[in-house]
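# Fold and geometry: a report
The lines below spell out each chain.
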Amino acid sequence: MAFELGIYHFGELTPNPTTQQPPTPGVRLRELVEQARAADEAGLDVFAVGEHHRTDFAVSSPAVVLAAMAEHTRAIRLSSAVTVLSSDDPVRVFQQFATLDLLSGGRAEIIAGRGSYVESFPLFGYDLNDYAHLFAEKLDLLLRLREENPITWQGSLRSSLTEGDITPRPERELPVWVAVGGTPASVVRAGRLGLPLSLAIIGGSYRQFAPFVELYRATAAEAGHDPAKLKVSINSPGFVAPTHREAIEVSHPYFQAGWMANHHQRGQGVPMPKMAYEAQSTPAGAFFLGSPQEIIDKIMAQYELFQHDRMMIQLGFGDVPQKEMMQAIELLGSEVAPVVRREIAALKSTRSLAPAVEVTR
């Protein structure tokens, strides 16, 4: 499988750092559809949108936004990032993404997570004390929905199903990833279930996350799954421009505004001074910030550590203007993706041939 490079976006409605005015939800949603079209034309592999239930985000229904994107794209995979499964109904999630998969010709994916933003829990009548139990039970139901129809299922936090007829049915098995933000229990769950892992690295040194990937693969092997067949995605913020300095100067004001306005808890934003932002752009930092060559170098460095299958960049967090976003998407597709795919394919080929060379000798 070729290495995959994609983009994810939360559809945040951050006030412009100059005008202090946020974009309207309609403008932001149309811009996201345009970005997906550009990413598809540039040859990127995945476009994903998050799910939030606050007035400072435009996307509360990823499947609806992705369906609009499906009508303007041809090949790019369309994913949630994430579906907050704990506060949603797995039957509706399955139906919506099965519909998206049929409309898009088999390009839908679900990245399921527990949710780091918690507004959806009281909104849909769930108790935060059931946070972990809700996800475990609903993930079990979602996976069962992929396997059988009609379905008979019983849980403790959702009503049971008896010979439930769930339609429409996709023409293939819907990909379901498990999103992890640094919780070992979530890593273990993904490994035991043999589900692909979507690991968010949004700060600090990316090397501190190597034990999570090792734990995932070790757990999968213990559960009888072949770790070599399980995908790992690394997801981090970033921005690309023709030069390092341009990438920083264009994106930092918007990232800083977004970090303050759209943080997990309202009124508890975290400052991101330029010096700290620059630090995250260094080879050891988590962010993918800089020129195309700098992005290539960091992806390759992470590949040596993680041996992952996919890199997803949260491009232009904080509402970088559309003109600069479109340029960044083009650079990722034309200058970063081909080089990364070629270099990783060469590494894989060398490693696969090494044992055969030893035997011959």
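Residues numbered from 1 in each chain as written. Predicted model: local features only at pLDDT ≥ 70, side-chain atom pairs only at ≥ 80, totals over all residues. Heavy atoms only, no water.

### Observations regarding helix α9 (residues 274-281)
To keep it simple, the criterion reads: Using a 1.4 Å probe on the protein chains alone, a residue whose accessible area is under 20% of its type maximum counts as buried, one over 50% counts as exposed, and one in between counts as partly exposed. Strands are runs of DSSP state E lasting at least 2 residues, helices are runs of H or I lasting at least 4, and numbering of each runs from the N terminus. Think of it as the arc spanned by the lines of direction from the helix axis to the C-beta atoms.
Within α9 the residues assigned to the buried category are Y277, E278, Q280 and S281. Buried residues in α9, looked at end-on, bunch into an arc of 160°, giving them a common side.

### Things to note about the side chain of D56
Which entries qualify depends on this criterion: Polar contacts, as used here, are pairs of N or O atoms within 3.5 Å; protein pairs need one atom able to donate a hydrogen and one able to accept it. Residues neighboring in sequence count only if both atoms are side-chain atoms. Contacts are assigned to residue pairs that have any heavy atoms within 4.5 Å of one another.
Looking at where D56 falls in the secondary structure, it is placed in the loop between β2 (46-49) and α2 (62-70). On the accessibility criterion, D56 (12% relative accessible area) is buried. Within polar-contact distance, the side chain of D56 engages the side chain of R54 at 2.7 Å. Excluding its chain neighbours within four sequence positions, the residues that come into contact with D56 are E12, L13, A261, N262 and R266.

### What about the environment of R74?
Relative to the assigned elements, R74 resides in the loop between α2 and β3 (77-80). Put simply, R74 and A257 are 183 residues apart on the chain and 34 Å apart in space, counted from C-alpha to C-alpha. When near neighbours in sequence (up to four residues on either side) are disregarded, R74 contacts D40 and R107.

### Some words on unusual backbone geometry
The omega angle of the peptide bond from A81 to V82 is 10°, so this bond is cis rather than trans. Position of V82 among the secondary structure elements: in the loop between β3 and β4 (83-84). For the bond running from N149 to P150, omega is 0°, close enough to zero to count as cis. In this fold, P150 is placed in the loop between α5 (131-147) and β6 (151-153). Notably, Q20 is not glycine yet its phi reads approximately 65°, a positive angle.

### A few points about the pairing of strand β8 (residues 176-180)
Where we set the bar: If DSSP finds at least two bridges between two strands, the strands pair. A clockwise path from the first strand over the helix to the second, with the strands pointing away from the viewer, defines a right-handed crossover.
The buried fraction of β8 is high, at five of five residues. Side-chain alternation along β8 places V176, V178 and V180 on one buried face and W177 and A179 on a second face that is also buried. Here three bridges tie strand β5 (residues 108-113) to β8, and the two strands are oriented parallel to one another. Residue A112 lies in a different strand from β8, and its bridge partner there is V178. Both β8 and strand β9 (residues 197-200) contribute to a ladder of three bridges, which runs parallel. Looking across to β9, one finds that A179 is bridged to S198. Considered for its hand, the β-α-β crossover made up of β8, helix α6 (residues 184-193) and β9 is right-handed.

### Comments concerning the pairing of strand β10 (residues 232-240)
Burial of β10 is extensive: nine of the nine residues sit out of reach of the surface. By the alternation rule, side chains of β10 split into V232, I234, S236, G238 and V240 and S233, N235, P237 and F239, which are all buried. In this sheet, β10 lies alongside β9 in parallel orientation, the contact comprising four bridges. If you follow L199 over to β10, its bridge partner there is I234. The sheet contact formed by β10 and strand β12 (residues 310-315) spans six bridges and is parallel. Bridging from a neighbouring strand, G238 pairs with L315 of β12. Here three bridges tie β10 to strand β11 (residues 288-290), and the two strands are oriented parallel to one another. The residue bridging F239 from the neighbouring strand is L289, located in β11.

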